[in-house]
Amino acid sequence: MDAFITKMCTLNRDCDESAIIREAADLLRAGELVAFPTETVYGLGANALQPSAVAKIFAAKGRPSRNPLIVHVLTTSLARDLVTAWPDTAARLAEAFWPGPLTLVLPRTRAIPDIVTGGSNTVGLRVPAHPVARKIIALADLPIAAPSANRSNAISPTRAEHVLADLKGRIPLIVDGGPTNNVESTVIDLSAGLPRLLRPGPISTDVLKEVLGAEPTMAEGSVPIPEDAPLPSPGQLRVHYAPSTPSVMLPADEADALVAKLSASGKVVARLTSRSTEPCSPMTVALLPHWQDWQERLYDALHMLDELGADIIVVDEPPRNPQWAAVYDRLKRACARGVPW
Ligand code: TXA
Ligand code: MG
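The rules behind these values
- Residues numbered from 1 in each chain as written.
- Chains lettered and ligands numbered in written order.
- Predicted model: local features only at pLDDT ≥ 70, side-chain atom pairs only at ≥ 80, totals over all residues.
- Heavy atoms only, no water.
- Phe/Tyr/Trp six-rings, centres within 6.5 Å; stacked < 30°, edge-to-face > 60°.
- Helix = DSSP H or I, 4+ residues; strand = E, 2+ residues; numbered from the N terminus.
- Buried < 20%, exposed > 50% of the residue type's maximum accessible area, 1.4 Å probe, protein only.
- Lys NZ or Arg CZ within 6 Å of the ring centre and 35° of its normal.
- Axes fitted to C-alpha atoms, helices over the stretch in contact; angles between N-to-C directions.
- Parallel < 35°, antiparallel > 145°, perpendicular 65-115°, else oblique.
- Left-handed = near helix turned anticlockwise from the far one by under 90°.
- Contact = heavy atoms within 4.5 Å.
- Nonpolar A, V, L, I, M, F, W, Y, C, P; charged D, E, K, R; others polar.
- Pairing = 2+ DSSP bridges.
- Domains from an automatic or database assignment.
- Buried area = accessible area lost by both parts, 1.4 Å probe.
- Salt bridge = Lys/Arg side-chain N within 4 Å of Asp/Glu carboxyl O.
- Polar contact = N/O pair within 3.5 Å; in protein donor to acceptor, adjacent residues only side chain to side chain.

**Some words on the packing of aromatic side chains**
Right, on to step 1. Considering all chains together, one arrives at two aromatic pairs under this definition.
Right, on to step 2. Their ring planes at 35° and their centres at 6.3 Å tell us that Trp86 and Trp98 sit as a pair that is tilted. Placement of Trp86 in the loop between helix 3 (76-80) and helix 4 (88-97) and of Trp98 in the loop between helix 4 and strand 5 (102-107) is noted, with a sequence separation of twelve residues between them.
Right, on to step 3. Given the relative accessible area of 8%, Trp98 is considered buried.
Right, on to step 4. For the cation-ring pair, Arg320 lies above Tyr328, with the distance from its terminal atom to the ring centre recorded as 3.9 Å.

**Remarks on the packing of helix 1 (residues 17-29) against helix 6 (residues 131-140)**
Right, on to step 1. Look at helix 1 against helix 6: their axes get within 8 Å of each other, and the N-to-C directions meet at 55°. Judged on the interaxial angle alone, helix 6 and helix 1 are oblique. At the point where helix 1 passes helix 6, the crossing takes the right-handed sense. Residues Glu17, Ile21, Arg22, Ala24, Ala25, Leu28 and Arg29 of helix 1 lie in contact with helix 6, whose contacting residues are Lys135, Ile136, Leu139 and Ala140.
Right, on to step 2. A class-by-class count of the residues in the contact of helix 1 with helix 6 yields seven nonpolar, no polar and four charged.

**Focus: the sheet that holds strand 14 (residues 284-286)**
Right, on to step 1. The parallel open sheet is built from four strands, whose spatial order is 12-15-13-14. Across the chains shown, the open sheet's two edge strands, defined by having one partner strand only, are strand 12 (247-250) and strand 14. The mean angle between the axes of side-by-side strands here comes to 15°, regardless of whether they run parallel or antiparallel.
Right, on to step 2. When strand 12 meets strand 15 (residues 312-316), the two strands line up parallel, connected through four bridges. Paired with Met249 across the bridge in strand 15 is Val315.
Right, on to step 3. Across the sheet, helix 9 (residues 252-264) is in contact with strand 12, strand 13 (269-273) and strand 15; its angle to strand 13 comes to roughly 165°.
Right, on to step 4. Each of strand 13, strand 14 and strand 15 touches helix 10 (residues 291-307); the most contacted strand, strand 13, lies at about 175° to it.

**Focus: the domain arrangement of the protein chain**
The parts lose accessible area when they come together, and the size of an interface is often stated as this lost area.
Right, on to step 1. Domain boundaries in the protein chain define domain 1 (7-218) and domain 2 (247-334).
Right, on to step 2. Taking only C-alpha atoms into account, the centre of domain 1 sits 28 Å from that of domain 2.
Right, on to step 3. Of the residues lining the interface, 19 residues belong to domain 1; the matching set on domain 2 comes to 14 residues.
Right, on to step 4. Of the roughly 1400 Å² buried between domain 1 and domain 2, counting both surfaces, carbon and sulfur atoms make up 57%.
Right, on to step 5. The three residues of domain 1 that bury the most area against domain 2 are Ile155, Val183 and Pro200, which together make up 40% of that side's buried surface.
Right, on to step 6. Summed over the shared surface of domain 1 and domain 2, the number is two salt bridges.
Right, on to step 7. With its nearest N and O atoms 2.9 Å apart, the salt bridge here joins Arg330 to Glu184.
Right, on to step 8. Linking domain 1 with domain 2 are eight residue pairs in polar contact (both at pLDDT 80 or more).
Right, on to step 9. When the residues that make up the side of domain 1 that touches domain 2 are grouped by side-chain class, the tally is six nonpolar, nine polar and four charged.

Written as structure tokens, this is what we have:
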């Protein structure tokens, strides 16, 4: 479906910022798609109020139509206009974390078309913090539906080049605001009673607990979902955020042993680890042994390793605690396909 010559513009290098933000806003107002940076990953935006524009997101990404999209707005008060309930928990979380990497799922008004929510009566809302995202949304003067700007189930994009590699020919414009450095927003469902964590993210459960007074309950992970049922939350799909290279995650010692065994049998092995390697192998990305470094550089590292064309990517299994939860969650899904041999 190569319908477009995709234009990619690096702000203040190939193009003047105000001109490209105007172009992005005009395209969004005309019902077209624009990729832009947020403080988590690059998003693929469309006018959330126009079903035909939102349909283009699903087509460009190859995304199943029952997966709901997050709607991005500039302020808490604009978010409130799109929902029929605003519980105290929403008020507290919005006050503490917006603008920022938090998505709140709440009952939607009829202004939000069915196609945005995959038929669900709720909508995911986020007020992003990234200045480029904010300028585009402000000038478009619309709620913007924006999933991560990658083909469905692939690794989320943290650079404009990642978006181009995945969506070239499928969208008219990529606004390159430089690398972004986080995993996708934390998603919390406030639509039914107690707050429920649908996707771990940059705002961890221990930080949420400080604001909510109690930890959110956890959505069940990886439950089998009937084909035609609306998804509870597709970030919950078993395989997601995945490199095309077969990937496995193991405790570091077992990972070392597997790397040695596979290398001895002639396999080309790429490695994501916290162990510093001396001399540093070109097949290894070594991150600092701290959750923050992994969270900020995870997708960049996975993109780099995937591009090496190795037979396998072997990843150190991160610790299981609230601070590492988002990294653990993404890696578990990235490695869920297993190894074909
Ligand atoms: O950081 C982010 O959230 C990025 C940037 C671009 O904002 N966006 C993003 O969108 O990650 P996407 O579509 O890749 O992931 C949206 C997640 C999915 O897990 C989806 O199921 C969940 O949010 N979600 C959205 N609306 C929902 C709803 N009404 N009910 C349940 N889950 C919802
Ligand atoms: Mg995504």
